[in-house]
Amino acid sequence: MAEIERKGIADKKVLDAIGRVPRHFFMDNSFVHLAYQDQAFPIGQGQTISQPYTVAFQSSLLDIQAGSKVLEIGTGSGYQAAVLSEMGAEVYSVERQKRLHEKTGQLLKGIGYKDIRLFLGDGNEGLVDHAPFDRILVTAGAESVPSQLLVQLAVGGLMVIPVGLKSQTMIRIKRLSEDDFEQETFGDFSFVPLLKGIAK
């Protein structure tokens, strides 16, 4: 926690949420002893659990309010979803890897996160039937911003997404009206790629 603060995360709501989430529950057994280091680790299926700083950074950019309806693209281990839930968000999360989707669903329910709604699907398509969303968070590197996600963002809502091929630039998009969007950039990061389709 102190390391995250040293790196510039000052949002108390984010820090408190991360402090309440037991990260070791989301880790592969071989990495559990390293669970509270500020590093990313593999979780299987070619995916990683993001480093706490990245989770904190993206969560801060989202400006979560109590009751915010949040779409997360890339459930992964479930760690980010748990942090968003601890911040008071109503979380909808999409994962394309069937095995990971099933494993994470069991884990989250087992440790008490029963209100997080998990879906198996192509994250590029979002969740049309549950839109609009106050916030959209993409936890994989996209080549470009998926148009289907933009239209599922509520007016006044925020989307945080890393965009780029080899490395990604963190982008925050605000929907100003039905047709107008505002974009800000927040530095470079490295994510696994946002892939299309469902991997069974």
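In this text, all values refer to a predicted model and were calculated from it rather than measured experimentally.

Q: A description of the packing of helix α2 (residues 12-20) against helix α4 (residues 79-86) should follow, citing residues and the corresponding values.
A: Across the interface, α2 lies against α4 with an axial gap of 8 Å and an inter-helix angle of 125°. The angle between the axes of α2 and α4 places the two elements in the oblique class. In the packing of α2 onto α4, the handedness of the crossing is right-handed. For the pair α2 and α4, the contacting residues are A17, I18 and R20 in the first and Y79, V83 and E86 in the second.

Q: Run through the packing of helix α3 (residues 52-62) against α4, naming residues and quoting values.
A: Two numbers describe how α3 lies on α4: the axes approach to 11 Å, and their chain directions differ by 45°. Considering their axes alone, α3 and α4 lie oblique with respect to each other. In the packing of α3 onto α4, the handedness of the crossing is right-handed. Residues P52, V55, Q58, S59 and L62 of α3 form the contact with α4, whose participating residues are Y79, Q80, V83 and L84. The residue inventory of the contact of α3 with α4, partitioned by class, reads six nonpolar, three polar and no charged.

Q: Describe the sheet that holds strand β9 (residues 181-189), naming the residues involved and giving the relevant values.
A: Read from one edge of the open sheet, seven strands run β5-β4-β3-β6-β7-β8-β9, paired in mixed fashion. Two strands lie at the open edges of the sheet, namely β5 (117-120) and β9, each paired on one side alone. Direction aside, the axes of adjacent strands within the sheet are offset by 15° on average. Pairing between strand β7 (residues 153-163) and strand β8 (residues 168-175): six bridges, direction antiparallel. Within the sheet, the bridge partner assigned to I161 lies in β8 and is I171. Sitting on the sheet, helix α5 (residues 98-110) is in contact with β4 (90-95) and β5, with an inclination near 165° to β5.

Q: Break down the pairing of β4 for me, citing the residues and quoting the values.
A: Among the six residues of β4, five are classified as buried, and the element is accordingly described as predominantly covered. Taken together, strand β3 (residues 69-73), α4 and β4 form a β-α-β motif whose crossover is right-handed. The sheet contact formed by β4 and β5 spans four bridges and is parallel. Bridging from a neighbouring strand, E95 pairs with L120 of β5. Of the crossover connections in this fold, the one passing from β4 over α5 to the parallel β5 is right-handed.

Q: Describe the pattern of salt bridges, with residues and values.
A: Under the criterion given, the structure shown has five salt bridges. D16 is the partner of K12 in a salt bridge, and the nearest nitrogen-oxygen pair spans 2.8 Å. Residue K12 and its partner D16 are both found in helix α2; the two are separated by four residues, about one turn of the helix. For K12, a relative accessible area of 58% gives the class exposed. On the basis of relative accessible area, D16 is assigned to the partly exposed category, the value being 31%.

Q: Could you give an account of α3, with specific residues and numbers?
A: Across the 11 residues of α3, 10 count as buried, placing the element largely inside the fold. Burial in α3 covers these residues: P52, Y53, T54, V55, A56, F57, Q58, S59, L61 and L62. D63 sits one or two positions beyond α3 and adopts a positive phi of about 50°.

Q: Kindly report on the side chain of R96, identifying the contributing residues and their values.
A: Looking at where R96 falls in the secondary structure, it is placed in the loop between β4 and α5. Of the side chains bearing the opposite charge, D122 lies closest to the buried R96, which forms no salt bridge; the N-O distance is 6.1 Å. A distance of 3.1 Å separates a polar atom in the side chain of R96 from the backbone oxygen of K196. In this structure, R96 is in contact with L120, G121, L195, K196, G197, I198 and A199, ignoring residues within four places of it in sequence.

Q: Break down α5 for me, citing the residues and quoting the values.
A: With 13 residues, α5 ought to run about 18 Å at 1.5 Å a step, and its terminal C-alpha atoms sit 18 Å apart, in line with that. For α5, the set of buried residues is L100, H101, T104, G105 and L108. End-on view of α5: buried residues confined to an arc of 130°, all on one side of the axis. For α5, the exposed residues set more than 90 degrees away from the buried face come down to R99, K103, Q106 and G110. One or two positions beyond α5, positive phi appears at G112, with a value near 105°.

Reading the values: the criteria
- Residues numbered from 1 in each chain as written.
- Predicted model: local features only at pLDDT ≥ 70, side-chain atom pairs only at ≥ 80, totals over all residues.
- Heavy atoms only, no water.
- Axes fitted to C-alpha atoms, helices over the stretch in contact; angles between N-to-C directions.
- Helix = DSSP H or I, 4+ residues; strand = E, 2+ residues; numbered from the N terminus.
- Parallel < 35°, antiparallel > 145°, perpendicular 65-115°, else oblique.
- Left-handed = near helix turned anticlockwise from the far one by under 90°.
- Contact = heavy atoms within 4.5 Å.
- Nonpolar A, V, L, I, M, F, W, Y, C, P; charged D, E, K, R; others polar.
- Pairing = 2+ DSSP bridges.
- Buried < 20%, exposed > 50% of the residue type's maximum accessible area, 1.4 Å probe, protein only.
- Right-handed = clockwise from strand over helix to strand, strands pointing away.
- Salt bridge = Lys/Arg side-chain N within 4 Å of Asp/Glu carboxyl O.
- Lys, Arg positive; Asp, Glu negative; His and termini not counted.
- Polar contact = N/O pair within 3.5 Å; in protein donor to acceptor, adjacent residues only side chain to side chain.
- Expected span 1.5 Å × (residues − 1).
- Arc of directions from axis to C-beta.

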